[in-house]
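Chain residues, written in single-letter form:
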Amino acid sequence: MKHPFGRSVFGRTWLIAVFIFLYIPIVTLVVYSFNDSRLSTVWTGFTFKWYVDASHDRELIDGLIISLKLAFMSASLSVIFGTFTAFVLVRYGRFKGRGLLASMANAPLVMPDVIVGISLLLMLVALQKWLGFPERGIGTILLGHALIGTSFATVVIISRLREIDHRLEEAAMDLGCKPFQVFWLVTLPLIASALVSAFLLTFTLSFDDVVIAAFLSGPGSTTLPLVIFSRARLGLDPSINAVATVIIVVVSIGVIASSLYQLRAERRRQREVADAYAQGKS
């Protein structure tokens, strides 16, 4: 019988290799955001000046504000539309056109962003020619991001709806609750975690999108990823490293806080179950 030590060493070695592969580029970016030289390959000293420059860079700040607004609005619309779509596909059984709806809801997941961007651009150009609107800007980018985000939100919410025990909703209706009350008091709390997950996922997808925003943006609607991409084409700007480092730190804090909250909630749930079990025995 082989000793499990070899498998343990291999597993840990592989884990370390994967972490190095994933995070060494990020660590390198963070380190060079403090480099005094404008050349990313030459270390000349430690400095915070690129963070100061980034904090006074109007283009970067405006791009960040636009990206945050777009991401919030897009995530909100995606969750709303995704919830309705998920309910129709899960709760209404078989109906004419269900297969088409499911296919259309999942199509943006496998469709290249370039194809989606070109399609939306052609549609908007045709609408502008016929009706005189809309002009390309924040509204058109929001349309594209909400289109993609709705598909992701639908998948996340569907997976949660299928896990819900329908007897809980039936019990609420037996006790006199109307359909809206059942949704608000029973269903919504049960799918709240899926809604939050869908919101965070679609927020992230919108915030870091480049392709669709490049096709649908107009004057005064340049997002932060587009600003970074345009500058990167002309050469690496240390201020971009500083902005990326700030985003990494903020995201890391959010992930750690979320993990701690979920861990604490799970421990609290386990204590409540254990207390309820102990009271039942007594």
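**Student:** Could you clarify how one ought to interpret the confidence of the model for the protein chain in this entry?
**Tutor:** Mean pLDDT over the protein chain stands at 83; residues scoring 70 or higher make up 96%. The weakest mean pLDDT in the protein chain belongs to helix α7 (residues 166–174) at 78; the strongest belongs to helix α3 (residues 58–91) at 90.

**Student:** Looking at this structure, how should I read the environment of L161?
**Tutor:** In this fold, L161 is placed in helix α6 (residues 138–161). Taking relative accessible area as the criterion, L161 reaches 0% and is therefore assigned buried. Separated by 148 residues in the primary sequence, L161 and T13 place their C-alpha atoms 39 Å from one another. If we skip the residues at most four places from it in the chain, L161 touches A86, F87, V90, R91, H166, T187 and I191.

**Student:** Hey, could you run me through the pattern of salt bridges in this one?
**Tutor:** A pair can form between side chains of opposite charge whenever their charged atoms are brought close. Within the structure shown, the criterion is met by five salt bridges. Ionic pairing is found between D62 and R58, a salt bridge with its closest N-O pair at 3.2 Å. With D62 and R58 both in helix α3 and four residues apart, this pair spans about one turn of that helix. A salt bridge links R160 to E163; the nearest nitrogen and oxygen atoms lie 3.3 Å apart. We classify E163 as exposed; its relative accessible area is 59%. Taken together, the shared-partner salt bridges connect D57, E59 and R231 into one network.

**Student:** Before we go on, may I ask you to explain the packing of aromatic side chains in this structure?
**Tutor:** Each aromatic ring pair is summarised here by two numbers: the centre-to-centre distance and the angle between the ring planes. The tally for this structure, following the rule as stated, stands at 10 aromatic pairs. Both rings, one in F34 and one in F46, keep their centres 5.1 Å apart while their planes meet at 5°; by these two values the pair is stacked. Here F34, found in the loop between α1 (5–32) and α2 (49–55), pairs with F46, found in the loop between α1 and α2; they are 12 residues apart in sequence, far enough to count as distant. On the basis of relative accessible area, F34 is assigned to the buried category, the value being 18%. Judged by its relative accessible area of 56%, F46 is exposed.

The rules we used
- Residues numbered from 1 in each chain as written.
- Predicted model: local features only at pLDDT ≥ 70, side-chain atom pairs only at ≥ 80, totals over all residues.
- Heavy atoms only, no water.
- pLDDT = per-residue confidence, 0-100.
- Helix = DSSP H or I, 4+ residues; strand = E, 2+ residues; numbered from the N terminus.
- Buried < 20%, exposed > 50% of the residue type's maximum accessible area, 1.4 Å probe, protein only.
- Contact = heavy atoms within 4.5 Å.
- Salt bridge = Lys/Arg side-chain N within 4 Å of Asp/Glu carboxyl O.
- Phe/Tyr/Trp six-rings, centres within 6.5 Å; stacked < 30°, edge-to-face > 60°.

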